[in-house]
Amino acid sequence: MYILGIESSCDETSAAVVQMEEGRREVLSNIVASQIEIHRLYGGVVPEIASRAHIEAISRITYEALDTAGLSINDIGCIAVTSHPGLIGALLVGVNFAKSLAYAQGIPLVAVNHIKAHIAAAYLEYPQLKAPFTALVVSGGHTAFYSVDTPTDLREIGGTRDDAAGEAFDKIGRVIGMPYPGGAAMDRLAYEGDPKSIKLPSPAIIGDNADFSFSGLKTAALNFINSERQKGAEPSHADIAASYTKVIVDAILKKTEYIIDRYRPAQLVLAGGVAANSHIRGALEGLCKRKRIEFCKPSMSLCSDNAAMVAAAGYFEYLAGNFADTSLNASANDDGN
Ligand code: KG4
Ligand code: ZN
């Protein structure tokens, strides 16, 4: 069955066609129109501008996805659209477009949770992945562990109590002059610095939990940079990137080990834009090997926001009979309400 996925929750307009059946997973197209260049001027995503850019791109991107897949809209068996969580104005563009297309063409429509979609990216490259398993979603807006009980049911079992890891990377990246979003540049620069040179607080919350807090770490890094600058010296950006990355990776490693020991999953899925971080991938790879569990880490193009992951999640909503109709609305919240 061919599924058309549509994603517009933040600053990427994306449409994709995937073929999913029992034992078959194929991404036929996955077109992403990034708005990063537009938002870079402002140092972050401007919601109003994001909505407008989605409106301009969505129809073109959708037909490009169909063309690239070599299909017409009549071949599509289901349309899957991200309905929550995200920027409300941005989500509404995708939801309204998908509703109109589904209604006009008489195609079943399913609503997809963006977090579930990030996790579902793993099904595309790991066909043997089978719920129940554990997932760690690390993105610009989320950092949480989930117990995936069935492909459509998630339970949060730990996570950040304030900011997300991606936001924490981007924030300090900006302070040391990296263009938005600084996550990938911080990843590269961290190899050139000394990870022990600057003492920073761990974002892992002490105790019997799998929780994080990134706000104290961000403030400590910011204070360090400002106090060095007040003394008239620019601190080494490479040392900042290396030390900052080290405390984040160590915290993620520690809490993932806690989760593995407590829930004993057979598989761990790493998902979300920050899953592209090579230090995090490397550390979790080693941990999973040590714990003898399978580590499912989708390719970079399936980690950052894209519509193939939305189509993959949509397939399971379709199988579960969770159809949406023209009353479907977008929601900024995690629970869709
Ligand atoms: O999942 P995503 O594309 O969008 C959200 O749903 O948030 O994640 C974007 C985030 C940004 O904060 C970006 O800086 C971060 O992922 N990111 C990285 C890397 N590549 C992207 N963070 C750390 N290391 C990377 N290599
Ligand atoms: Zn995302």
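Refer to the structure printed above.
Quantities reported herein were computed from a predicted structural model and do not represent experimental measurements.

Reading the values: rules and limits
Residues numbered from 1 in each chain as written. Chains lettered and ligands numbered in written order. Predicted model: local features only at pLDDT ≥ 70, side-chain atom pairs only at ≥ 80, totals over all residues. Heavy atoms only, no water. Donors = N, O, S within 2.8 Å, 3.2 Å for Na, K, Ca; no water. Helix = DSSP H or I, 4+ residues; strand = E, 2+ residues; numbered from the N terminus. Buried < 20%, exposed > 50% of the residue type's maximum accessible area, 1.4 Å probe, protein only. Near = heavy atom within 4 Å. Polar contact = N/O pair within 3.5 Å; in protein donor to acceptor, adjacent residues only side chain to side chain. Areas by Shrake-Rupley, 256 points an atom, 1.4 Å probe, with all protein chains shown as cover. 1 Å grid on protein atoms, 1.4 Å probe; cavity = no way out; pocket = protein on both sides within 12 Å on 5 of 7 lines; lining within 4 Å. Sits in = over half its atoms within 2 Å of the grid points. Nonpolar A, V, L, I, M, F, W, Y, C, P; charged D, E, K, R; others polar. Phe/Tyr/Trp six-rings, centres within 6.5 Å; stacked < 30°, edge-to-face > 60°. Axes fitted to C-alpha atoms, helices over the stretch in contact; angles between N-to-C directions. Parallel < 35°, antiparallel > 145°, perpendicular 65-115°, else oblique. Left-handed = near helix turned anticlockwise from the far one by under 90°. Contact = heavy atoms within 4.5 Å.

Draft legend 1. Up close: the coordination of the zinc ion (ligand 2). For the zinc ion (ligand 2), the full set of protein donor atoms is His114 (NE2), His118 (NE2) and Asp305 (OD), at a range of 2.0 to 2.1 Å. Of note, the zinc ion (ligand 2) draws all its donor residues from one chain, in the sequence arrangement H-x3-H-x186-D. One end of the pair, His118, is in helix α4 (residues 114-125); the other, Asp305, is in the loop between α10 (300-303) and α11 (307-319), with 187 residues separating them in the sequence. Asp305 carries the same exposure label as His118, and that label is buried.

Draft legend 2. Spatial organisation of the site of ligand 1. Taken together, 19 residues lie near ligand 1, and Gly140, Asp170, Asp187, Gly273 and Asn277 sit nearest. One nitrogen or oxygen atom from the side chain of His114 is found 3.4 Å from an oxygen atom belonging to ligand 1. Contact between ligand 1 and Gly140: an oxygen atom at 2.8 Å from a main-chain N or O atom of the residue. Protein coverage of the free-state accessible area of ligand 1, which is 550 Å², stands at 86%. Here ligand 1 occupies the largest pocket. Those elements giving two or more residues to the shell around ligand 1 turn out to be α4, α5 (165-175) and α6 (183-189). Here the residues of the shell around ligand 1 sort into five nonpolar, 11 polar and three charged.

Draft legend 3. Here's a closer look at the packing of aromatic side chains. Per the stated rule, a full pass over the model turns up seven aromatic pairs. Residues Tyr123 and Phe316 carry aromatic rings whose centres are separated by 4.6 Å and whose planes lie at 45 degrees to one another, so their mutual orientation is tilted. In this pair, Tyr123 sits in helix α4 while Phe316 sits in helix α11, placing the two residues 193 residues apart along the sequence. Both residues of the pair, Tyr123 and Phe316, count as buried. Put simply, the rings of Tyr123, Phe133, Tyr315 and Phe316 touch in pairs and so form one group of aromatic residues.

Draft legend 4. Spotlight on the packing of helix α7 (residues 215-230) against helix α8 (residues 237-263). Closest axis-to-axis distance for the α7/α8 pair is 11 Å, and the angle between their directions is 160 degrees. Looking at the two axes, α7 sits roughly antiparallel to α8. Judged by the sense of rotation from one axis to the other, the crossing of α7 with α8 is right-handed. Taken together, the residues of α8 that come into contact with α7 (itself represented by Leu217, Lys218, Ala221, Phe224, Ile225 and Arg229) are His237, Ile240, Tyr244, Val247 and Ile248. Residue composition of the contact of α7 with α8, by class: eight nonpolar, one polar and two charged.

Draft legend 5. The arrangement of unusual backbone geometry in detail. Cis geometry is found at the peptide bond from His84 to Pro85, where omega equals -20 degrees. Considering the arrangement of structural elements, one finds Pro85 in the loop between β4 (78-84) and α3 (88-105). A cis amide bond links Ala131 to the next residue, Pro132, at an omega of 5 degrees. As for its placement among the helices and strands, Pro132 is situated in the loop between α4 and β6 (133-138). For Arg264, which is not glycine, the phi torsion reads 45 degrees and is therefore positive. With a relative accessible area of 65%, Arg264 lands in the exposed category. Of note, the phi angle at Arg292 is positive, near 55 degrees, even though the residue is not glycine.

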